[in-house]
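Structural overview
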Amino acid sequence: MPARTSYLQGTPNWVDLQTTDQGAAKAFYGGLFGWTFDDQPMPQGAVYSMAKLGDEHVAAIAPQSPEMAAAGAPPMWSTYLAVDSVDDAIAKVEAAGGQVAMAPFDVTEAGRMAFVVDPSGAAVAFWQAGKHIGATLVNEPGTVMWNELITTDPSAAAFYEQVLGVTTAPMDVPEFGDYTLFQVNGEMVGGTVAPQMAGVPSHWHVYFAVADADATAAKVADLGGSILVEPFDTPAGRMAVATDPQGATFSVIQPPGVTG
């Protein structure tokens, strides 16, 4: 697939991992997906490790902020949604039932961002691109293929309609029950569904494409991670749910017709 050069508002455009052991996480995902890393200095001496496949940026791994670490927050993958103007989007958040967790701020010349919490309690970032548009390669093995809002609150989808202008469409998925697609200009860009296991909090979940879901699941275990849900077939492809050695959850998906 050609490299991405832009994203329309409301489209997931980046993911990063905030983790308790950055070095171990880099070793795990590098071994799992073949990522290399370009370490970018951050304030207070930390680094933001940009994950790459070849010359393309696909994700990032960073240390937890001191505030998150002090709160005992678990490692987690965050989804970023493209916006034309962070400030304009943030101005609509509270009226739509959400909360601003981190006010807009500039990230050097890379872009401008903010963190919000939707009405169901799921945290998500808004990203206004500068020099960094987000992932420049997606939908290939080792890159993000899908982003999904997992929540028990079906009305949470309306938040994204009101704030970002995305549209929604119901979809019958026998394996998961009621499913709602997020669309931008008529194109599928993500989805939302209720948790498939009890006790799962509302969150944005990340799916990485792989050439062989079964082989990848076995490799997760070899690298010190765990498989929460063994590989299973769906109309969208064969998938599995995993955690890395530090406990961050993610899924892998082998699209239909792709063989390892």
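Read on for an overview of the structure. Here the structure is a predicted model, which means the values were calculated and not measured.

1. Regarding the sheet that holds strand E2 (residues 36-41)
Strand order in this open sheet of eight strands is E2-E3-E4-E1-E5-E8-E7-E6, and the pairing throughout is mixed. Both edges of this open sheet fall to E2 and strand E6 (99-107), since each of them pairs with a single strand only. Strand-to-strand, the axes of this sheet are offset by a mean angle of 25 degrees, without reference to chain direction. Across six bridges, strand E1 (residues 12-19) lies against strand E5 (residues 76-82) in antiparallel orientation. From the neighbouring strand, tryptophan 14 faces E5, where its bridge partner is tyrosine 80. Contacts from helix H1 (residues 22-33) reach E1, E2, strand E3 (47-53), strand E4 (56-63) and E5 within the one sheet, and its direction differs from that of E4 by about 150 degrees. Sheet contacts for helix H4 (residues 156-164): E5, strand E7 (111-117) and strand E8 (123-129); angle to E8, the most-contacted strand, approximately 20 degrees.

2. A closer look at the environment of threonine 152
Mapped onto the fold, threonine 152 is located in the loop between strand E9 (144-150) and H4. Residue classification places threonine 152 among the exposed positions, given a relative accessible area of 63%. It is 13 Å that separates the C-alpha atoms of threonine 152 and glycine 191, two residues lying 39 residues apart in sequence. Contact partners of threonine 152, with chain neighbours within four places excluded, come to Pro195 and Ser202.

3. Notes on the packing of aromatic side chains
The tally for this structure, following the rule as stated, stands at 20 aromatic pairs. When the ring of phenylalanine 33 is compared with that of phenylalanine 208, the centres are 5.0 Å apart and the planes differ by 40 degrees; the resulting orientation is tilted. Remark: phenylalanine 208 occurs in strand E13 (residues 203-209) and phenylalanine 33 occurs in helix H1; sequence separation between them is 175 residues. Like phenylalanine 208, phenylalanine 33 is buried. A centroid spacing of 5.9 Å and a plane angle of 25 degrees characterise the contact between phenylalanine 182 and tryptophan 204, whose relative ring orientation is stacked. Pair noted here: phenylalanine 182 is in strand E11 (residues 177-184) and tryptophan 204 is in strand E13, with a separation of 22 residues, a long-range link. Owing to a relative accessible area of 3%, phenylalanine 182 belongs among the buried residues under this scheme.

4. So, the packing of H1 against helix H5 (residues 213-222)
Taken N-terminus to C-terminus, the directions of H1 and H5 make an angle of 155 degrees; their axes are 10 Å apart at the nearest point. One way to sum up the angle between H1 and H5 is to call them roughly antiparallel. Crossing of H1 over H5 shows right-handed handedness. For the pair formed by H1 and H5, the contact residues are Phe28, Gly31 and Leu32 on the first element and Thr216, Lys219 and Val220 on the second. Residue classes in the contact of H1 with H5 are distributed as three nonpolar, two polar and one charged.

5. Notes on the pattern of salt bridges
Considering all chains together, one arrives at six salt bridges under this definition. In this structure, the salt-bridge partner of glutamate 109 is lysine 131, at a minimum N-O distance of 2.8 Å. In this pair, glutamate 109 is assigned in the loop between E6 and E7 and lysine 131 in the loop between E8 and E9, connecting sequence segments 22 residues apart. On the basis of relative accessibility, which here comes to 55%, the residue glutamate 109 falls in the exposed class. According to the relative accessible area criterion, lysine 131 is exposed, its value standing at 68%. Through salt bridges that share partners, Asp87, Asp106 and Arg112 make up one connected network.

Cut-off values and rules
Residues numbered from 1 in each chain as written. Predicted model: local features only at pLDDT ≥ 70, side-chain atom pairs only at ≥ 80, totals over all residues. Heavy atoms only, no water. Pairing = 2+ DSSP bridges. Helix = DSSP H or I, 4+ residues; strand = E, 2+ residues; numbered from the N terminus. Axes fitted to C-alpha atoms, helices over the stretch in contact; angles between N-to-C directions. Contact = heavy atoms within 4.5 Å. Buried < 20%, exposed > 50% of the residue type's maximum accessible area, 1.4 Å probe, protein only. Phe/Tyr/Trp six-rings, centres within 6.5 Å; stacked < 30°, edge-to-face > 60°. Parallel < 35°, antiparallel > 145°, perpendicular 65-115°, else oblique. Left-handed = near helix turned anticlockwise from the far one by under 90°. Nonpolar A, V, L, I, M, F, W, Y, C, P; charged D, E, K, R; others polar. Salt bridge = Lys/Arg side-chain N within 4 Å of Asp/Glu carboxyl O.

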